[in-house]
Amino acid sequence: MSVLTSRVPRPRRFLVCEPRHFDVHYAINPWMRTDAPVDTALAARQWEALMCAYRAHGHTVETVPPVPGLPDMVFAANSALVLAGRVFGSLFHAPQRRPESTAYETWFKAAGFDVYRPESVCEGEGDLVPAGPYVLAGTGFRTTRAAHQEVQEYFGVPTISLQLVDPHFYHLDTALFVLDEENIAYYPEAFSPGCREVLARLFPRAVLATRADAMAFGLNSVSDGRHVFIAPQATGLIGRLAAEGYVPVPVDLSEFHKAGGGIKCCTQEIR
Ligand code: ARG
């Protein structure tokens, strides 16, 4: 697409969870430190700002009730992968997060969806990213290859397993996001050499991010095809996206970075 062609946004339906009980009470990824306090009031304001930004750009936001004692439940993306109204639920790696699956399942069922519960560890859109005709599927730290098979069998969509190799990028959605029907952005070094080649073959025009932008949670972004809701700290990537004709919408979720999460982690898309 030429830079002069205007990029067309598609309105989205998002499921989110208010960070009422958000905090860092345990450490299950390299970002989490139980001795570094979270400013929970600031976290609440940052999260509200993200919701305002979504609504201001025409997106629908629905909320699942937060459950006391589940500090990571704000990361709604991990709860499921929803494609064409079919919900593939979650089974968390960490025992601390396992009860979240049922809390989200309750919401989905009340909203009229059937929920498939995976047999293998699977952390929803954290590791499962629909991109064009594929589901890109991360593994290495959380979601298992067996779960990728279950996803392919359940949806009948070609599912491409991608090996993550850097613990800072323990979920696929910390290293890659979808820009639109045709293109993605990612940080190549987060993937094994063979998987870098796979991504280069599938997406030869992808926007490649630097380590600095990836460490700033720049790839934990949400795009509607035109607007890219992105961490303001990812300055290099913001410039690259603007040059490609996208409209970056910076939203700072710095308090959530302390738990290893950002914009996309807080956002489950209902397709
Ligand atoms: N503290 C959470 C965990 O380690 C963060 C989850 C971030 N979510 C995501 N979609 N990457 O599980």
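The residue numbering used here restarts from 1 in each chain and proceeds along that chain's sequence as written. Predicted model: local features are reported for residues with pLDDT of at least 70 only, side-chain atom pairs are reported and counted for 80 or more only, and whole-chain, interface and lining totals are derived from all residues.

1. Quick look at the sheet that holds strand 15 (residues 268-269)
Next, step 1: Note on pairing: DSSP must find at least two bridges between two strands before they are called paired. A run of DSSP states H or I qualifies as a helix once it reaches four residues; a run of E qualifies as a strand once it reaches two. Both are numbered from the N-terminal end. Across the sheet, which stays open at both edges, the three strands sit in the order 2-1-15 with mixed pairing between neighbours. The open sheet is flanked by strand 2 (60-63) and strand 15, the only strands paired with a single partner.
Next, step 2: As paired elements, strand 1 (residues 13-16) and strand 2 share four bridges and run parallel to each other. Note on strand 2: the bridge partner recorded for Val16 is Thr63.

2. Quick word on the site of the ligand
Next, step 1: Any residue whose C-beta atom, as placed from the backbone, lies within 6 Å of a molecule or strand is termed near it. Neighbouring the ligand are 16 residues, the closest being Phe75, Gly126, His171, Gly261 and Cys265.
Next, step 2: Throughout, the ten residues Ala, Val, Leu, Ile, Met, Phe, Trp, Tyr, Cys and Pro are labelled nonpolar, Asp, Glu, Lys and Arg are labelled charged, and all others, Gly among them, are labelled polar. A breakdown of the residues in the shell around the ligand according to their chemical character gives six nonpolar, seven polar and three charged.

3. Re the sheet that holds strand 6 (residues 128-131)
Next, step 1: Reading across the sheet, the three strands line up as 6-7-8 and stay open at both edges, with mixed pairing between neighbours. A single partner strand is all that each edge strand has here, and the edge strands are strand 6 and strand 8 (159-163). Each adjacent strand pair in this sheet contributes to an overall mean axis angle of 25°, direction not counted.
Next, step 2: Note: strand 7 (residues 134-139) against strand 8, five bridges, orientation parallel. Bridge assignment links Gly138 to a residue of strand 8, and that residue is Leu162.
Next, step 3: Once C-beta atoms are placed from the backbone, any two residues with those atoms within 7 Å are in contact. Every axis corresponds to a line fitted to the C-alpha atoms, with the helix fit spanning only the stretch in contact, and the corresponding angles, defined between N-to-C directions, vary from 0 to 180 degrees. Sheet strands touched by helix 3 (residues 145-155): strand 6, strand 7 and strand 8. Its angle to strand 7, the strand with the most contacts, is close to 165°.

4. Structural notes on the environment of Val157
Next, step 1: Tracing the backbone shows Val157 in the loop between helix 3 and strand 8.
Next, step 2: With sequence-adjacent residues up to four places away left out, Val157 is seen in contact with Tyr134, Val135 and Gln152.

5. Some points on the UniProt feature "active site" (unreviewed entry) in the chain
Next, step 1: UniProt positions are given in the numbering used here, feature names are shortened, and annotations may be inferred rather than shown by experiment. Mapped onto the present numbering, the UniProt feature "active site" (unreviewed entry) falls at His171 and Cys265. Despite a sequence span of 95 residues, these residues sit close together in the fold, their greatest C-alpha distance being 9.5 Å.
Next, step 2: Considering the arrangement of structural elements, one finds His171 in the loop between strand 8 and strand 9 (176-178).
Next, step 3: Residues in contact with His171, not counting those within four places in the same chain, are Glu123, Gly126, Asp127, Gly138 and Arg142.
Next, step 4: Structurally, Cys265 is set in the loop between helix 7 (254-257) and strand 15.
Next, step 5: Exposed residues have 12 or fewer other C-beta atoms within 10 Å of their own C-beta, buried residues have 20 or more, and residues in between are partly exposed; the C-beta atoms are placed from the backbone. For Cys265, a count of 25 C-beta atoms within 10 Å corresponds to the buried category.

6. Focus: the nonpolar core
One recurring pattern in soluble globular proteins is that nonpolar side chains are buried together.
Next, step 1: Nonpolar cores are built from buried Ala, Val, Leu, Ile, Met, Phe, Trp, Tyr and Cys residues. These are joined into a set through C-beta atoms within 7 Å. Ranked by size, the top nonpolar core spans 78 residues in total, and within it Ala175 and Cys266 carry the most contacts.
Next, step 2: Counting residues per element, this core draws most heavily on helix 1 (residues 40-56), which supplies four residues.

7. Let's talk about the pairing of strand 14 (residues 247-250)
Next, step 1: Where strand 13 (residues 227-230) and strand 14 come together, four bridges link them in parallel fashion. Across the sheet, the residue bridging to Val228 is Pro248, located in strand 14.
Next, step 2: If you view a crossover with the strands going away from you and the path from the first strand over the helix to the second runs clockwise, you call it right-handed. The parallel pair strand 13 and strand 14, bridged by helix 6 (residues 235-243), forms a crossover whose chirality is right-handed.

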